[in-house]
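# Analysis of the macromolecular model
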Amino acid sequence: KSIELDEKVLRSEDTLLSFWFYDLIFPIILKRSGIINTLIARSHRGDTYEGEIGVRELWLRNYQFEHTNVLYPISKHGAQFLKNLYPKYQHKIQPLYLGSSRLFEPINISTTTHRKTIVSCSWINNKKNVHLIPQLLKDSGIDFQWIHFGSGPKEWEDRLYAAIDQAGIRGRVNLMGNTPNSDIQRLYADHRVDAFISLSSTEGVPVSFMEALSYGIPVFATDVGGNQEIITDYNGALVPYNDGRVKSYIPAFISFMQSEFDPMVIKNSWEDQFNIDVNNQVLLTGIKPN
């Protein structure tokens, strides 16, 4: 009866897209009832890496795969993880990057100042390791201004404030808290930003990286999750994650800050793989536009 009532308010569609792989029970009911013919789903981190720390228990996976026509994990790393775990359904698993939108046209800004503007954008918690950034910046010996977008639980914000005070850099730090995405991108577009930094212990393929790249900003990050699928020698640098031992990052970070990156090459690396308009067209049609 509930399905009959639902049919009165649902349009009959050929295809349904679920943004999350663990939210498929109702779409599967619709498919089995003939209301839709094709079920497509995306998966990110929490609905991909079952068994890893911080991922909730995932149920009915074989049932979901059986009734899903195509699953698009947002990274090659995630796709291979699921193919290894569910080889019976590997033909249904195809990686497709999420992508980001560039809201403003970047302004080419040059400056003679030696002070580097460094940005980070993430939650402040036990996985993102924002509290490790102050020591890295201080010990690198560069002249910098650091801007962080994002907030978190009070205990981790307090830990970050303590790390800033311990490094003695409070006067060179701007903690912006939760900030509208348009305001973040406006800063990228209208000001010179020399680097984006992330010391996270776990990632998918971060949209925050994509947004920085779309404005020609190079990224320095730990080599975790799908980060190696977005960061190359042409648009940034990766360092092996070492459980928070910041001193081992310093030589690579200094080298990164001394490198000359071409903003146009960086922007092109975003356009080629991480433009959400292009990727959504692939998602809907299976064809990448010329």
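Now for a description of the structure that goes with this document. (Residues numbered from 1 in each chain as written. Predicted model: local features only at pLDDT ≥ 70, side-chain atom pairs only at ≥ 80, totals over all residues. Heavy atoms only, no water.)

Within the chain, leucine 60 stands out as a residue other than glycine whose phi angle is a positive 55 degrees. The exposed category is assigned to leucine 60, whose relative accessible area is 52%. (Buried < 20%, exposed > 50% of the residue type's maximum accessible area, 1.4 Å probe, protein only.)

So, about the sheet that holds strand S1 (residues 15-18). As summarised here, the arrangement of the 3 strands in space is S1-S2-S3, forming an open sheet in which the pairing is parallel. Each end of this open sheet is capped by a strand with a single partner; those strands are S1 and strand S3 (70-73). When strand polarity is set aside, the average angle formed by the axes of neighbouring strands in this sheet is 15 degrees. Where S1 and strand S2 (residues 38-43) come together, 4 bridges link them in parallel fashion. Looking at S2, one finds that threonine 15 is bridged to threonine 38. (Pairing = 2+ DSSP bridges. Helix = DSSP H or I, 4+ residues; strand = E, 2+ residues; numbered from the N terminus. Axes fitted to C-alpha atoms, helices over the stretch in contact; angles between N-to-C directions.)

To continue, consider the environment of serine 182. The residue serine 182 is located in helix H7 (residues 181-190) in this model. Of the residues examined, serine 182 reaches a relative accessible area of 32% and is grouped as partly exposed. Once the C-alpha coordinates of serine 182 and leucine 103 are considered, the two residues, 79 residues apart in sequence, prove to be 7.1 Å apart.

Turning next to the environment of asparagine 126. Position of asparagine 126 relative to the elements: it lies in the loop between strand S4 (116-121) and helix H5 (133-140). As a C-alpha pair, asparagine 126 and serine 200 span 74 residues in sequence and 8.8 Å in three-dimensional space. Beyond its immediate chain neighbours, meaning those up to four positions away, asparagine 126 contacts Trp156 and Ser201. (Contact = heavy atoms within 4.5 Å.)

This part is about the pattern of salt bridges. For the coordinates displayed, the defined rule picks out 7 salt bridges. Between lysine 154 and aspartate 158 there is a salt bridge, with its nearest N and O atoms 2.7 Å apart. With lysine 154 and aspartate 158 both in helix H6 (residues 154-167) and 4 residues apart, the pair spans about one turn of that helix. Exposure remark for aspartate 158: the relative accessible area of 38% places this residue in the partly exposed category. Aspartate 190 is the partner of arginine 186 in a salt bridge, and the nearest nitrogen-oxygen pair spans 3.4 Å. You can see arginine 186 and its partner aspartate 190 sitting in helix H7, 4 residues apart, about one turn around the helix. (Salt bridge = Lys/Arg side-chain N within 4 Å of Asp/Glu carboxyl O.)

Function-wise, these values are silent; they only describe arrangement.
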